[in-house]
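Chain by chain, the residues:
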Amino acid sequence: MADIQRGYRGKLSDSFDISKEITVSVSVSGAGEYDSCCFGVDAQDKLSDESYMIFYNQVSSPSREITLNGSGANTSYSVSLSKLPPHICKLVFTVSIDGDGVMGQLQKLSVTLSQGGNSLVLNLSGSDFRDEKAVIAVELYKKEVWRVAAVASGFNGGLSALLKAYGGEEAAPASPPPAVVQSKVSLEKRLEAEAPQLVSLAKPLKLSLEKHNLTDVVAQVALLIDISGSMSGTFRNGIVQEVIDKIVPLAMEFDDNGEFELWYFGTRSKRMPAVTTKNYFEATMDWNKLMKQCGGGTDLSPAISEVIDEYKNDKLPAYVLCITDGATSKAAKVKELITNAAQYPIFWQFIGIGRGNYGILEELDNMRGRKVDNANFFSLDDISRVKNKDLYSRMLAEFPLWLKEAKRMGILR
């Protein structure tokens with residue numbers, strides 16, 4: 001590990017193999033809400049291709065040369081410089097603070113470039129800045145060869161001003177701020193009236209919906225839950241019920257009837273009554289009995305088939321969340337079903353809550369032969385320990401990307 005200081009410049013090849021992937025990790029601690037972003041700019045320092053602006057609402061470049069993992073104060077970028085198109089000459093990594101905060105408030109900002117056992121680390125603190133709203137932290141740029149610069153420069157504007165500085169244009173919000181505030185109060189009031197135990201989920205959910213420009217989206221919501229034998233402890237300690245609790249407010253925001261469909265799957269699948277604010281706390285009540293009915297194995301294909309039949313002719317998009325603790329049997333069948341389902345208005349978000357191998361689910365982002373990328377997967381060691389705002393943000397990160405592409409391809413109108 002080598003520490004670098006503000007103003008450092010050097011050849012990347014002195015520390016890394018440029019032909020292989022490099023990880024750029026950004027970590028911020030301190031008061032405030034932080035976001036990081038990577039701008040892929042041309043020789044004129046302009047964002048001439050907005051598909052190379054990588055941030056919470058666009059987590060990968062067209063050919064996945066740059067991919068974003070995580071959100072908020074802790075993010076990392078996987079970068080394959082050798083795969084970038086010729087017109088992308090520089091990658092600019094930035095950090096901005098939301099609201100009324102300023103960068104002088106941060107305790108520590110750390111940017112780490114790493115590959116294998118080699119790393120370059122830039123550490124900054126609030127004393128390095130004052131009233132700036134953003135920091136241009138590190139640049140990777142091509143000047144005959146790829147180089148790195150520790151810029152560490154404050155920027156008076158936030159993310160919007162950074163975007164304009166690089167020649168981009170911020171999209172207009174889907175609805176004016178008063179409408180967003182009204183919707184937020186409405187969700188809280190509805191939860192207070194119908195499910196007061198879930199009121200604390202309203203704010204983190206709304207923040208994530210606003211962050212991903214999903215406040216005006218209307219969609220069907222479905223949840224698939226693994227009920228194989230290995231999930232016994234997860235049901236017994238209440239984690240599955242906790243997941244269901246967190247989906248209720250999402251369904252209230254997305255779905256005009258405020259409910260979501262629920263399937264359990266083991267060796268066989270079983271569709272349950274729709275989950276609402278009136279019955280959500282009963283959803284896992286008979287899990288022991290249901291586990292015996294569904295069998296002890298893990299086969300996703302029957303449940304996926306049923307979901308496809310349910311939503312394939314719907315005019316609204318369907319957001320389908322699937323919780324599992326391991327790999328599915330009949331992986332080839334699952335791959336075939338997800339591939340064929342790309343022609344339908346269905347997005348699949350898989351979450352692994354075990355610590356094992358997830359098989360085909362880990363390959364979803366790289367599966368070929370689909371009309372659009374219609375699925376995403378991430379795993380968590382302990383879903384109950386993840387902050388609600390971070391969980392919602394990860395759950396929703398790729399959904400808006402699919403919505404945009406599905407509309408472009410004529411899958412959605």
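The structure contained in this document is the topic of the report that follows. (Residues numbered from 1 in each chain as written. Predicted model: local features only at pLDDT ≥ 70, side-chain atom pairs only at ≥ 80, totals over all residues. Heavy atoms only, no water.)

Structural notes on the sheet that holds strand β2 (residues 9-11)
So, point 1. Judged by pairing direction, the sheet is antiparallel, and its 6 strands sit side by side in the order β2-β12-β11-β8-β4-β5 without closing on themselves. A strand with exactly one partner marks an edge of an open sheet, and here the two such strands are β2 and β5 (53-54).
So, point 2. Sheet topology places strand β4 (residues 34-41) next to strand β8 (residues 90-97); 8 bridges connect them, and they run antiparallel. Within β8, the position partnered with C38 by the bridge is F93. (Pairing = 2+ DSSP bridges. Helix = DSSP H or I, 4+ residues; strand = E, 2+ residues; numbered from the N terminus.)

Looking at unusual backbone geometry
So, point 1. The phi dihedral of R64 falls on the positive side, at around 60 degrees, and the residue is not glycine.
So, point 2. Mapped onto the fold, R64 is located in the loop between β5 and β6 (66-71).
So, point 3. Exposure remark for R64: the relative accessible area of 31% places this residue in the partly exposed category.
So, point 4. In the Ramachandran plot, N213 falls in the positive-phi region, its phi being about 55 degrees despite a non-glycine side chain.
So, point 5. By relative accessible area, which is 48% here, N213 ends up partly exposed. (Buried < 20%, exposed > 50% of the residue type's maximum accessible area, 1.4 Å probe, protein only.)

Considering the side chain of T328
So, point 1. For T328, the location among the structural elements is in the loop between β16 (318-324) and α8 (331-340).
So, point 2. At 3.5 Å, the side chain of T328 forms a polar contact with the backbone oxygen of T298.
So, point 3. A distance of 3.0 Å separates the side chain of T328 from the backbone nitrogen of L300, its partner in a polar contact.
So, point 4. Residues within four places of T328 in sequence aside, it is in contact with T298, D299, L300, V334 and I360. (Polar contact = N/O pair within 3.5 Å; in protein donor to acceptor, adjacent residues only side chain to side chain. Contact = heavy atoms within 4.5 Å.)

Some words on the packing of aromatic side chains
So, point 1. Following the criterion strictly, the structure yields 13 aromatic pairs and no others.
So, point 2. Look at F254 and F399: their rings are 5.7 Å apart centre to centre, the planes differ by 55 degrees, and that puts the pair in the tilted class. With F254 in helix α5 (residues 239-254) and F399 in helix α10 (residues 399-408), this pair connects stretches of sequence that are 145 residues apart.
So, point 3. The buried category is assigned to F254, whose relative accessible area is 1%.
So, point 4. Through successive ring pairs, a cluster of aromatic residues spans F254, Y319, F347, F399 and W402. (Phe/Tyr/Trp six-rings, centres within 6.5 Å; stacked < 30°, edge-to-face > 60°.)

Regarding helix α7 (residues 301-311)
So, point 1. All of the buried residues in α7 are S301, A303, I304, V307, I308 and Y311. The arc that holds every buried residue of α7, seen down its axis, measures 160 degrees, which confines them to one face.
So, point 2. Structurally, α7 contributes buried residues whose contacts are with β13 (220-226), β14 (260-265), β15 (269-275), β16, α8 and β17 (346-352). (Arc of directions from axis to C-beta.)

Here's the deal with the state of the cysteines
Two cysteines joined by a covalent bond between their sulfur atoms form a disulfide.
So, point 1. Across all of its chains, the model carries 0 disulfides by this definition.
So, point 2. We note that C38 lacks a disulfide partner, and the nearest cysteine sulfur, in C37, lies 6.9 Å from it.
So, point 3. Looking at C38, the relative accessible area reads 0%, which means it is buried. (Disulfide = S-S within 2.5 Å.)

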